[in-house]
Amino acid sequence: MKNNIEHNRIFKNEKIASRIIERQAFIVTPLDSTLHLLNEVGTRIWQLIEEKKNIEKIIEHICAEYDMDRLTIERDVREFIQILEKKGIVEIKKSA
Amino acid sequence: MNIFEKFIFLTEKRNIPFTVNFELTHRCNLRCIHCYLDNAKTQKFRKNAKNYELTTDEIKNILDQLADAGSLWLVFTGGEIFLRKDLFAIAEYARKKSFLLTIFTNATLIDSKGALRLADLALYQVQISLYGARPETHDYVTRIKGSFARTLQAVKLLKKLKIKVVLKTPLMKENFPEYKEIIHLNEKLETNWQMDPWITPKNDGDQTPLALRTLPGQMGEFFSNEKFFPKEEFTTGEKKRFICSAGKNLVAISPYGDVYPCLMWLVKVGNLRGEEFLQIWQNSPELNSVRKIKFENLKICKSCNLVPYCVRCPGLADLEDGDALGSSRIACRTAEIIRERVKCSPR
Ligand code: SF4
Ligand code: SF4
(Lines give C-alpha, C1' and ligand atoms only; values in the text may rest on other atoms or scores of the structure.)
(Ligands and ions follow the chains in the order given, each with its own letter.)
Protein backbone atom coordinates (compact mmCIF):
# COMPACT_ATOMS: atom_id res chain seq x y z
CA MET A 1 0.00 0.00 0.00
CA LYS A 2 1.41 3.36 -0.94
CA ASN A 3 1.84 5.64 2.03
CA ASN A 4 1.11 9.20 1.08
CA ILE A 5 2.73 10.93 4.00
CA GLU A 6 4.18 13.51 1.65
CA HIS A 7 0.68 15.00 1.38
CA ASN A 8 0.45 15.25 5.12
CA ARG A 9 1.88 17.77 7.53
CA ILE A 10 4.44 16.83 10.13
CA PHE A 11 4.30 18.42 13.55
CA LYS A 12 6.68 18.17 16.43
CA ASN A 13 4.82 16.69 19.42
CA GLU A 14 4.61 19.71 21.73
CA LYS A 15 4.95 17.47 24.77
CA ILE A 16 8.50 16.38 24.06
CA ALA A 17 11.66 18.05 25.32
CA SER A 18 14.61 18.39 22.97
CA ARG A 19 17.91 20.07 22.40
CA ILE A 20 20.53 19.96 19.66
CA ILE A 21 23.96 19.57 21.21
CA GLU A 22 27.06 19.32 19.04
CA ARG A 23 24.99 18.60 15.93
CA GLN A 24 23.10 15.75 17.60
CA ALA A 25 19.45 16.01 18.62
CA PHE A 26 18.58 14.66 22.07
CA ILE A 27 14.86 14.14 22.50
CA VAL A 28 12.93 13.07 25.60
CA THR A 29 9.50 11.55 25.04
CA PRO A 30 7.09 12.39 27.84
CA LEU A 31 5.14 9.19 28.40
CA ASP A 32 8.07 6.84 28.90
CA SER A 33 10.67 9.53 29.84
CA THR A 34 13.04 7.97 27.32
CA LEU A 35 16.01 9.84 25.88
CA HIS A 36 16.43 9.41 22.13
CA LEU A 37 19.50 10.37 20.18
CA LEU A 38 19.41 11.19 16.46
CA ASN A 39 22.39 10.81 14.18
CA GLU A 40 23.66 13.60 11.94
CA VAL A 41 21.17 13.17 9.10
CA GLY A 42 18.35 12.45 11.55
CA THR A 43 19.21 15.67 13.36
CA ARG A 44 19.10 17.61 10.09
CA ILE A 45 15.66 16.16 9.33
CA TRP A 46 14.58 17.06 12.86
CA GLN A 47 15.69 20.67 12.31
CA LEU A 48 13.66 20.80 9.10
CA ILE A 49 10.62 19.42 10.94
CA GLU A 50 11.07 22.14 13.57
CA GLU A 51 11.14 24.65 10.72
CA LYS A 52 7.74 23.21 9.72
CA LYS A 53 8.89 21.91 6.33
CA ASN A 54 6.73 19.30 4.65
CA ILE A 55 8.17 16.00 3.51
CA GLU A 56 8.81 17.14 -0.07
CA LYS A 57 10.85 20.06 1.18
CA ILE A 58 12.73 17.86 3.65
CA ILE A 59 13.69 15.45 0.85
CA GLU A 60 14.81 18.36 -1.34
CA HIS A 61 17.06 19.69 1.43
CA ILE A 62 18.60 16.30 2.19
CA CYS A 63 19.23 15.65 -1.53
CA ALA A 64 20.97 19.02 -1.82
CA GLU A 65 23.06 18.55 1.30
CA TYR A 66 24.09 14.89 1.11
CA ASP A 67 25.68 12.92 -1.64
CA MET A 68 23.17 10.07 -1.95
CA ASP A 69 20.76 9.02 -4.65
CA ARG A 70 17.29 10.50 -4.52
CA LEU A 71 15.40 7.19 -4.31
CA THR A 72 17.35 6.07 -1.26
CA ILE A 73 16.84 9.45 0.39
CA GLU A 74 13.10 9.42 -0.28
CA ARG A 75 12.74 5.95 1.19
CA ASP A 76 14.94 6.68 4.21
CA VAL A 77 13.30 10.00 5.06
CA ARG A 78 9.82 8.45 4.95
CA GLU A 79 10.87 5.51 7.08
CA PHE A 80 12.60 7.79 9.55
CA ILE A 81 9.56 10.03 9.95
CA GLN A 82 7.36 7.01 10.51
CA ILE A 83 9.71 5.83 13.26
CA LEU A 84 9.51 9.29 14.85
CA GLU A 85 5.73 9.08 14.71
CA LYS A 86 5.71 5.63 16.30
CA LYS A 87 7.87 6.89 19.14
CA GLY A 88 5.52 9.83 19.71
CA ILE A 89 8.10 12.42 18.68
CA VAL A 90 6.11 13.81 15.76
CA GLU A 91 2.48 13.80 14.74
CA ILE A 92 1.43 13.43 11.13
CA LYS A 93 -1.77 15.20 10.27
CA LYS A 94 -3.67 15.09 7.01
CA SER A 95 -3.55 18.31 5.02
CA ALA A 96 -6.91 20.03 4.87
CA MET B 1 27.36 3.09 26.85
CA ASN B 2 23.59 3.68 26.64
CA ILE B 3 22.18 6.95 25.28
CA PHE B 4 21.82 8.49 28.71
CA GLU B 5 25.40 7.67 29.69
CA LYS B 6 26.57 9.02 26.35
CA PHE B 7 24.68 12.21 26.98
CA ILE B 8 26.14 12.66 30.48
CA PHE B 9 29.63 11.89 29.17
CA LEU B 10 29.32 14.34 26.29
CA THR B 11 27.87 17.19 28.34
CA GLU B 12 30.41 16.74 31.16
CA LYS B 13 33.35 16.52 28.82
CA ARG B 14 32.26 19.55 26.80
CA ASN B 15 30.98 21.52 29.79
CA ILE B 16 27.48 21.87 28.43
CA PRO B 17 25.12 23.02 31.21
CA PHE B 18 22.66 20.14 30.74
CA THR B 19 20.96 20.58 34.15
CA VAL B 20 19.90 23.93 35.54
CA ASN B 21 18.55 24.34 39.06
CA PHE B 22 16.77 27.66 38.94
CA GLU B 23 15.50 29.18 42.16
CA LEU B 24 12.59 31.42 41.19
CA THR B 25 12.06 32.87 44.65
CA HIS B 26 13.26 32.57 48.20
CA ARG B 27 9.85 33.56 49.53
CA CYS B 28 7.86 30.78 51.13
CA ASN B 29 4.46 30.32 52.75
CA LEU B 30 5.83 27.65 55.14
CA ARG B 31 8.42 28.06 57.90
CA CYS B 32 10.19 24.70 57.94
CA ILE B 33 12.38 24.06 60.95
CA HIS B 34 15.29 22.79 58.84
CA CYS B 35 15.11 25.40 56.05
CA TYR B 36 18.51 26.45 54.73
CA LEU B 37 17.17 29.67 53.25
CA ASP B 38 15.61 31.21 56.32
CA ASN B 39 18.54 33.28 57.52
CA ALA B 40 19.53 36.83 58.27
CA LYS B 41 20.94 37.35 54.79
CA THR B 42 17.80 36.29 52.93
CA GLN B 43 15.42 38.05 55.34
CA LYS B 44 16.19 41.38 53.71
CA PHE B 45 15.33 39.97 50.28
CA ARG B 46 12.36 37.97 51.51
CA LYS B 47 10.65 41.00 53.03
CA ASN B 48 10.70 42.96 49.83
CA ALA B 49 11.58 40.19 47.45
CA LYS B 50 9.73 41.51 44.43
CA ASN B 51 12.06 44.48 44.26
CA TYR B 52 15.05 42.18 43.95
CA GLU B 53 13.86 39.02 42.18
CA LEU B 54 14.43 38.56 38.48
CA THR B 55 11.43 39.79 36.51
CA THR B 56 9.42 37.67 34.08
CA ASP B 57 11.25 39.17 31.12
CA GLU B 58 14.66 38.74 32.71
CA ILE B 59 13.89 35.07 33.35
CA LYS B 60 12.65 34.53 29.80
CA ASN B 61 15.81 36.09 28.50
CA ILE B 62 17.92 33.80 30.70
CA LEU B 63 15.95 30.79 29.44
CA ASP B 64 16.73 31.82 25.85
CA GLN B 65 20.41 31.95 26.74
CA LEU B 66 20.31 28.59 28.51
CA ALA B 67 18.60 26.92 25.54
CA ASP B 68 21.29 28.31 23.26
CA ALA B 69 23.96 26.99 25.64
CA GLY B 70 22.50 23.46 25.34
CA SER B 71 20.59 23.17 28.65
CA LEU B 72 17.85 20.58 28.57
CA TRP B 73 16.76 19.65 32.09
CA LEU B 74 15.43 22.64 33.97
CA VAL B 75 14.35 22.46 37.60
CA PHE B 76 12.31 25.32 39.01
CA THR B 77 12.70 25.47 42.76
CA GLY B 78 12.33 27.94 45.61
CA GLY B 79 11.29 29.00 48.25
CA GLU B 80 7.79 28.26 47.11
CA ILE B 81 7.54 28.86 43.39
CA PHE B 82 3.74 29.19 43.35
CA LEU B 83 4.11 32.47 45.24
CA ARG B 84 5.25 33.96 41.94
CA LYS B 85 2.23 35.28 40.08
CA ASP B 86 4.07 34.78 36.80
CA LEU B 87 4.94 31.12 37.45
CA PHE B 88 2.76 29.75 34.66
CA ALA B 89 3.96 32.38 32.19
CA ILE B 90 7.54 31.36 32.96
CA ALA B 91 6.84 27.61 32.92
CA GLU B 92 4.89 27.82 29.67
CA TYR B 93 7.73 29.74 28.11
CA ALA B 94 10.23 27.13 29.30
CA ARG B 95 8.20 24.35 27.71
CA LYS B 96 7.90 26.36 24.51
CA LYS B 97 11.68 26.45 24.50
CA SER B 98 11.58 22.65 24.74
CA PHE B 99 13.13 22.27 28.19
CA LEU B 100 12.54 19.08 30.13
CA LEU B 101 10.86 20.72 33.08
CA THR B 102 10.68 19.60 36.71
CA ILE B 103 9.16 21.72 39.44
CA PHE B 104 9.86 21.54 43.14
CA THR B 105 7.10 22.78 45.42
CA ASN B 106 5.35 22.23 48.74
CA ALA B 107 2.13 22.00 46.67
CA THR B 108 0.01 23.80 49.26
CA LEU B 109 -0.98 26.46 46.71
CA ILE B 110 -1.97 24.08 43.90
CA ASP B 111 -5.73 24.01 43.37
CA SER B 112 -7.69 22.10 40.73
CA LYS B 113 -7.28 24.89 38.17
CA GLY B 114 -3.52 25.00 38.76
CA ALA B 115 -3.28 21.23 38.51
CA LEU B 116 -4.96 21.33 35.10
CA ARG B 117 -2.50 23.96 33.88
CA LEU B 118 0.36 21.83 35.13
CA ALA B 119 -1.01 18.83 33.25
CA ASP B 120 -0.94 20.90 30.05
CA LEU B 121 2.76 21.60 30.57
CA ALA B 122 3.77 17.93 30.14
CA LEU B 123 6.20 18.21 33.02
CA TYR B 124 8.88 15.65 33.58
CA GLN B 125 8.18 15.56 37.31
CA VAL B 126 6.56 17.47 40.12
CA GLN B 127 8.68 17.01 43.23
CA ILE B 128 6.88 17.72 46.47
CA SER B 129 8.19 17.92 50.01
CA LEU B 130 6.56 15.58 52.52
CA TYR B 131 7.81 15.71 56.08
CA GLY B 132 5.77 13.03 57.76
CA ALA B 133 3.06 10.42 57.37
CA ARG B 134 0.86 12.14 59.92
CA PRO B 135 -0.48 15.70 59.93
CA GLU B 136 1.00 16.49 63.34
CA THR B 137 4.53 15.53 62.25
CA HIS B 138 4.44 17.27 58.85
CA ASP B 139 2.86 20.41 60.31
CA TYR B 140 5.39 20.39 63.17
CA VAL B 141 8.20 20.57 60.59
CA THR B 142 6.50 23.21 58.42
CA ARG B 143 5.23 25.14 61.44
CA ILE B 144 2.00 25.76 59.53
CA LYS B 145 -1.15 24.04 60.66
CA GLY B 146 -3.11 22.39 57.87
CA SER B 147 -0.13 22.20 55.48
CA PHE B 148 -0.14 18.37 55.44
CA ALA B 149 -3.80 18.28 54.37
CA ARG B 150 -3.23 20.87 51.64
CA THR B 151 -0.16 19.12 50.30
CA LEU B 152 -1.88 15.75 50.21
CA GLN B 153 -4.94 17.17 48.51
CA ALA B 154 -2.75 18.59 45.76
CA VAL B 155 -0.87 15.31 45.37
CA LYS B 156 -4.17 13.54 44.77
CA LEU B 157 -5.25 16.16 42.22
CA LEU B 158 -1.97 15.77 40.32
CA LYS B 159 -2.09 11.98 40.41
CA LYS B 160 -5.63 12.05 39.01
CA LEU B 161 -4.27 13.98 36.05
CA LYS B 162 -1.49 11.41 35.60
CA ILE B 163 1.25 13.90 36.43
CA LYS B 164 4.45 12.23 37.62
CA VAL B 165 4.83 13.04 41.30
CA VAL B 166 7.86 12.39 43.50
CA LEU B 167 7.47 12.94 47.23
CA LYS B 168 10.75 13.98 48.82
CA THR B 169 11.39 13.57 52.51
CA PRO B 170 14.41 14.92 54.33
CA LEU B 171 14.74 12.62 57.33
CA MET B 172 15.52 14.12 60.71
CA LYS B 173 15.21 13.05 64.33
CA GLU B 174 11.60 14.14 64.51
CA ASN B 175 10.18 12.31 61.49
CA PHE B 176 12.54 9.33 61.32
CA PRO B 177 10.30 7.10 63.47
CA GLU B 178 7.65 7.48 60.74
CA TYR B 179 9.76 6.58 57.75
CA LYS B 180 8.09 3.23 57.16
CA GLU B 181 4.68 4.86 57.37
CA ILE B 182 5.87 7.48 54.85
CA ILE B 183 6.84 4.72 52.43
CA HIS B 184 3.47 3.10 53.01
CA LEU B 185 1.71 6.41 52.34
CA ASN B 186 3.63 6.73 49.07
CA GLU B 187 2.57 3.26 48.07
CA LYS B 188 -1.05 4.13 48.81
CA LEU B 189 -0.79 7.35 46.79
CA GLU B 190 1.14 5.56 44.02
CA THR B 191 3.82 8.24 44.11
CA ASN B 192 7.54 7.79 43.66
CA TRP B 193 9.54 8.77 46.70
CA GLN B 194 12.99 9.86 47.78
CA MET B 195 14.34 10.11 51.30
CA ASP B 196 17.65 11.36 52.50
CA PRO B 197 19.22 12.25 55.83
CA TRP B 198 21.23 15.26 54.61
CA ILE B 199 20.04 18.15 56.70
CA THR B 200 22.41 20.94 55.74
CA PRO B 201 23.61 24.16 57.35
CA LYS B 202 21.83 27.34 56.28
CA ASN B 203 23.11 29.07 53.19
CA ASP B 204 24.93 31.65 55.28
CA GLY B 205 26.88 28.94 57.12
CA ASP B 206 24.65 28.95 60.25
CA GLN B 207 24.92 25.40 61.57
CA THR B 208 21.73 25.40 63.72
CA PRO B 209 19.74 22.99 61.49
CA LEU B 210 22.38 20.28 62.06
CA ALA B 211 20.94 19.67 65.51
CA LEU B 212 17.90 18.22 63.70
CA ARG B 213 19.89 15.49 61.95
CA THR B 214 19.04 11.85 62.58
CA LEU B 215 20.71 10.16 65.57
CA PRO B 216 23.57 7.72 64.89
CA GLY B 217 21.29 4.71 65.48
CA GLN B 218 18.70 6.11 63.08
CA MET B 219 21.38 6.78 60.49
CA GLY B 220 22.54 3.16 60.84
CA GLU B 221 19.00 1.89 60.34
CA PHE B 222 18.55 4.12 57.31
CA PHE B 223 21.66 2.85 55.54
CA SER B 224 20.91 -0.75 56.47
CA ASN B 225 17.69 -0.60 54.54
CA GLU B 226 18.08 -2.14 51.08
CA LYS B 227 15.27 0.14 49.86
CA PHE B 228 17.44 3.20 50.35
CA PHE B 229 20.86 1.90 49.53
CA PRO B 230 21.28 -1.19 47.40
CA LYS B 231 24.52 -2.71 48.68
CA GLU B 232 26.00 -3.09 45.18
CA GLU B 233 26.34 0.67 44.93
CA PHE B 234 29.03 0.60 47.58
CA THR B 235 31.06 -2.40 46.66
CA THR B 236 32.60 -1.22 43.42
CA GLY B 237 35.21 1.06 44.98
CA GLU B 238 34.61 3.76 42.39
CA LYS B 239 36.38 7.05 42.83
CA LYS B 240 34.55 8.82 40.11
CA ARG B 241 31.49 9.82 42.13
CA PHE B 242 33.82 12.04 44.14
CA ILE B 243 34.08 14.40 41.27
CA CYS B 244 30.52 15.52 40.82
CA SER B 245 28.85 17.38 37.96
CA ALA B 246 28.68 20.77 39.68
CA GLY B 247 29.98 23.41 37.28
CA LYS B 248 30.60 20.82 34.56
CA ASN B 249 27.16 20.03 33.25
CA LEU B 250 25.19 21.38 36.18
CA VAL B 251 24.59 25.00 37.11
CA ALA B 252 22.42 26.84 39.63
CA ILE B 253 20.80 30.25 39.44
CA SER B 254 19.36 32.26 42.34
CA PRO B 255 16.20 34.43 42.23
CA TYR B 256 18.48 37.46 42.01
CA GLY B 257 20.44 36.19 39.03
CA ASP B 258 23.49 34.91 40.89
CA VAL B 259 25.15 31.90 39.28
CA TYR B 260 26.64 28.99 41.26
CA PRO B 261 28.13 25.59 40.32
CA CYS B 262 25.32 23.93 42.34
CA LEU B 263 22.68 24.96 44.89
CA MET B 264 24.77 23.10 47.43
CA TRP B 265 28.04 24.69 46.37
CA LEU B 266 27.52 28.39 46.79
CA VAL B 267 30.60 29.87 45.19
CA LYS B 268 29.18 32.86 43.33
CA VAL B 269 30.61 32.82 39.82
CA GLY B 270 28.70 35.72 38.30
CA ASN B 271 25.38 37.53 38.04
CA LEU B 272 23.06 37.41 35.05
CA ARG B 273 21.95 41.00 35.45
CA GLY B 274 25.35 42.23 34.41
CA GLU B 275 26.66 39.45 32.20
CA GLU B 276 25.50 36.96 29.61
CA PHE B 277 25.22 33.36 30.75
CA LEU B 278 27.86 32.00 28.39
CA GLN B 279 30.26 34.73 29.31
CA ILE B 280 30.08 33.55 32.94
CA TRP B 281 29.94 29.83 32.13
CA GLN B 282 32.96 29.89 29.85
CA ASN B 283 35.15 32.49 31.51
CA SER B 284 34.60 32.35 35.25
CA PRO B 285 37.94 31.59 36.94
CA GLU B 286 36.07 29.97 39.87
CA LEU B 287 34.18 27.61 37.53
CA ASN B 288 37.32 26.77 35.69
CA SER B 289 39.07 25.79 38.91
CA VAL B 290 36.05 23.72 40.02
CA ARG B 291 36.30 21.85 36.71
CA LYS B 292 39.97 21.13 37.23
CA ILE B 293 39.49 19.39 40.59
CA LYS B 294 40.70 15.81 40.45
CA PHE B 295 40.52 13.04 43.01
CA GLU B 296 44.25 13.55 43.66
CA ASN B 297 43.55 17.13 44.79
CA LEU B 298 41.38 16.02 47.69
CA LYS B 299 43.86 16.43 50.49
CA ILE B 300 42.59 13.90 53.03
CA CYS B 301 40.18 11.86 50.94
CA LYS B 302 42.75 10.77 48.37
CA SER B 303 44.32 8.39 50.87
CA CYS B 304 41.18 7.38 52.76
CA ASN B 305 40.16 3.73 52.80
CA LEU B 306 36.49 4.64 53.18
CA VAL B 307 36.33 6.00 49.64
CA PRO B 308 34.22 3.11 48.25
CA TYR B 309 31.53 3.82 50.86
CA CYS B 310 31.63 7.59 50.80
CA VAL B 311 29.02 9.94 49.33
CA ARG B 312 30.92 13.14 49.95
CA CYS B 313 29.54 16.39 48.52
CA PRO B 314 32.13 19.15 47.99
CA GLY B 315 29.49 21.83 48.53
CA LEU B 316 28.51 20.41 51.88
CA ALA B 317 32.18 19.93 52.84
CA ASP B 318 32.67 23.62 52.11
CA LEU B 319 29.53 24.80 53.92
CA GLU B 320 29.90 22.59 56.98
CA ASP B 321 33.63 22.12 57.32
CA GLY B 322 34.99 25.11 55.45
CA ASP B 323 36.88 23.40 52.63
CA ALA B 324 35.50 21.98 49.39
CA LEU B 325 38.73 20.00 48.97
CA GLY B 326 38.77 18.68 52.51
CA SER B 327 36.96 15.85 54.23
CA SER B 328 33.37 16.20 55.31
CA ARG B 329 32.37 15.11 58.81
CA ILE B 330 28.90 13.98 57.83
CA ALA B 331 30.32 12.01 54.89
CA CYS B 332 32.94 10.36 57.12
CA ARG B 333 30.30 9.36 59.68
CA THR B 334 28.06 7.98 56.95
CA ALA B 335 30.88 6.13 55.19
CA GLU B 336 31.76 4.31 58.42
CA ILE B 337 28.16 3.22 58.88
CA ILE B 338 27.94 2.02 55.29
CA ARG B 339 31.22 0.11 55.54
CA GLU B 340 29.96 -1.71 58.64
CA ARG B 341 26.79 -2.58 56.89
CA VAL B 342 28.50 -3.88 53.76
CA LYS B 343 30.91 -5.92 55.87
CA CYS B 344 28.18 -7.42 58.05
CA SER B 345 25.54 -8.23 55.46
CA PRO B 346 25.69 -11.57 53.61
CA ARG B 347 26.86 -11.47 49.99
S1 SF4 C 1 27.79 16.41 45.12
FE2 SF4 C 1 27.10 18.29 46.08
S3 SF4 C 1 28.01 19.97 44.91
FE4 SF4 C 1 28.18 18.09 43.70
S5 SF4 C 1 26.37 18.12 42.37
FE6 SF4 C 1 25.86 16.91 44.19
S7 SF4 C 1 24.89 18.39 45.60
FE8 SF4 C 1 26.01 19.57 44.03
S1 SF4 D 1 34.90 12.49 53.28
FE2 SF4 D 1 35.74 11.30 54.99
S3 SF4 D 1 35.15 9.19 54.55
FE4 SF4 D 1 34.87 10.33 52.69
S5 SF4 D 1 36.77 9.97 51.60
FE6 SF4 D 1 36.97 11.92 52.67
S7 SF4 D 1 37.95 11.39 54.61
FE8 SF4 D 1 37.19 9.49 53.72
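In what follows, the structure referred to is the one given above.
My aim in this report is to walk through the structure given alongside it, one point at a time. (Residues numbered from 1 in each chain as written. Chains lettered and ligands numbered in written order. Predicted model: local features only at pLDDT ≥ 70, side-chain atom pairs only at ≥ 80, totals over all residues. Heavy atoms only, no water.)

1. Things to note about the overall build of chain B
Then step 1. A tally of regular secondary structure across chain B gives 13 helices and 9 strands.
Then step 2. In summary, chain B has a C-alpha radius of gyration of 20 Å against a globular reference of 20 Å for 347 residues, a match within 12%.
Then step 3. If you line up chain B on its principal axes, its C-alpha atoms span 55 × 50 × 45 Å.
Then step 4. Scored against the burial criterion, the 347 residues of chain B give a buried share of 55%.
Then step 5. Put simply, of all contacts in chain B between residues at least 6 apart along the chain, 70% involve residues at least 24 apart.
Then step 6. For chain B, the distance from the average site of its 53 positive side-chain charges to the average site of its 40 negative ones is 1 Å. (Helix = DSSP H or I, 4+ residues; strand = E, 2+ residues; numbered from the N terminus. Rg over C-alpha atoms; globule rule 2.2 N^0.38 Å. Buried < 20%, exposed > 50% of the residue type's maximum accessible area, 1.4 Å probe, protein only. Contact = heavy atoms within 4.5 Å. Lys, Arg positive; Asp, Glu negative; His and termini not counted. Charge placed at Lys NZ, Arg CZ, Asp CG, Glu CD.)

2. Here we look at the sheet that holds strand 5 (residues 165-170) of chain B
Residue and element names in this part refer to chain B.
Then step 1. Read from one edge of the open sheet, 9 strands run 6-5-4-3-2-1-7-8-9, paired in mixed fashion. Both outer strands of the open sheet, strand 6 (192-196) and strand 9 (270-271), are each paired with one neighbouring strand and no more.
Then step 2. With 4 bridges joining them, strand 2 (residues 73-77) and strand 3 (residues 100-105) adopt parallel strand pairing. By the bridge assignment, W73 is partnered in strand 3 with L100.
Then step 3. Against the sheet, helix 8 (residues 179-189) touches strand 5 and strand 6, its axis set at about 160 degrees to strand 6. (Pairing = 2+ DSSP bridges. Axes fitted to C-alpha atoms, helices over the stretch in contact; angles between N-to-C directions.)

3. Things to note about the site of ligand 1
Then step 1. Taken together, the neighbourhood of ligand 1 is formed by C244, A246, L250, C262, M264, C313, P314 and G315 of chain B.
Then step 2. Here the residues of the shell around ligand 1 sort into 7 nonpolar, 1 polar and no charged. (Near = heavy atom within 4 Å. Nonpolar A, V, L, I, M, F, W, Y, C, P; charged D, E, K, R; others polar.)

4. Side note on the interface of chain A and chain B
Then step 1. Taken together, the contacts link 18 residues of chain A with 21 residues of chain B.
Then step 2. Buried area between chain A and chain B, both sides added, is near 1600 Å², and the carbon and sulfur share of it is 60%.
Then step 3. In terms of surface lost to chain B, no three residues of chain A exceed R19, I21 and L35 of chain A, which account for 36% of the buried area on that side.
Then step 4. At the junction of chain A and chain B, the tally comes to 1 salt bridge.
Then step 5. In this structure, the salt-bridge partner of E22 of chain A is R14 of chain B, at a minimum N-O distance of 2.8 Å.
Then step 6. Run the count over chain A and chain B and you get 10 residue pairs in polar contact (both at pLDDT 80 or more).
Then step 7. With 4 residues, the top contributor of residues to the side of chain A that touches chain B is strand 2 (residues 17-21) of chain A.
Then step 8. Grouping the constituent residues of the side of chain A that touches chain B by class yields 9 nonpolar, 4 polar and 5 charged. (Buried area = accessible area lost by both parts, 1.4 Å probe. Salt bridge = Lys/Arg side-chain N within 4 Å of Asp/Glu carboxyl O. Polar contact = N/O pair within 3.5 Å; in protein donor to acceptor, adjacent residues only side chain to side chain.)

5. Regarding the site of ligand 2
Then step 1. Lining the immediate surroundings of ligand 2 are F242, C301, C304, L306, V307, C310, R312, S327, S328, A331, C332 and A335 of chain B.
Then step 2. Residues belonging to the shell around ligand 2 are distributed by class as follows: 9 nonpolar, 2 polar and 1 charged.

6. What to know about the pattern of salt bridges
Pairing between side chains becomes possible if they bear opposite charge and their charged atoms approach one another.
Then step 1. A complete count under the given rule lists 19 salt bridges over all chains for this structure.
Then step 2. The residue R70 of chain A makes a salt bridge to E74 of chain A at a minimum N-O spacing of 2.9 Å. Residue R70 of chain A and its partner E74 of chain A are located together in helix 3 (residues 70-86), separated by 4 residues, close to a single helical turn.
Then step 3. For R70 of chain A, a relative accessible area of 38% corresponds to the partly exposed category.
Then step 4. Assessed through its relative accessible area of 18%, E74 of chain A is described here as buried.
Then step 5. Salt bridges sharing common partners tie together R27, E53, R84 and D86 of chain B.

7. Focus on the nonpolar core
For soluble globular proteins, nonpolar side chains are generally found buried alongside one another.
Then step 1. Grouped together as the largest cluster of nonpolar side chains are 85 residues, with contacts concentrated most on F22, L63, L74, F76, I103, L118 and L158 of chain B.
Then step 2. In this view, L118 of chain B contacts F82, F88, I103, I110, L123, L158 and I163 of chain B; residues no more than four positions away in its chain are not counted.
Then step 3. Formed by 22 residues, the second largest nonpolar core is a distinct cluster that contains I45, I55, I62 and I73 of chain A. (Core = buried A, V, L, I, M, F, W, Y, C linked by side-chain atoms within 4.5 Å.)

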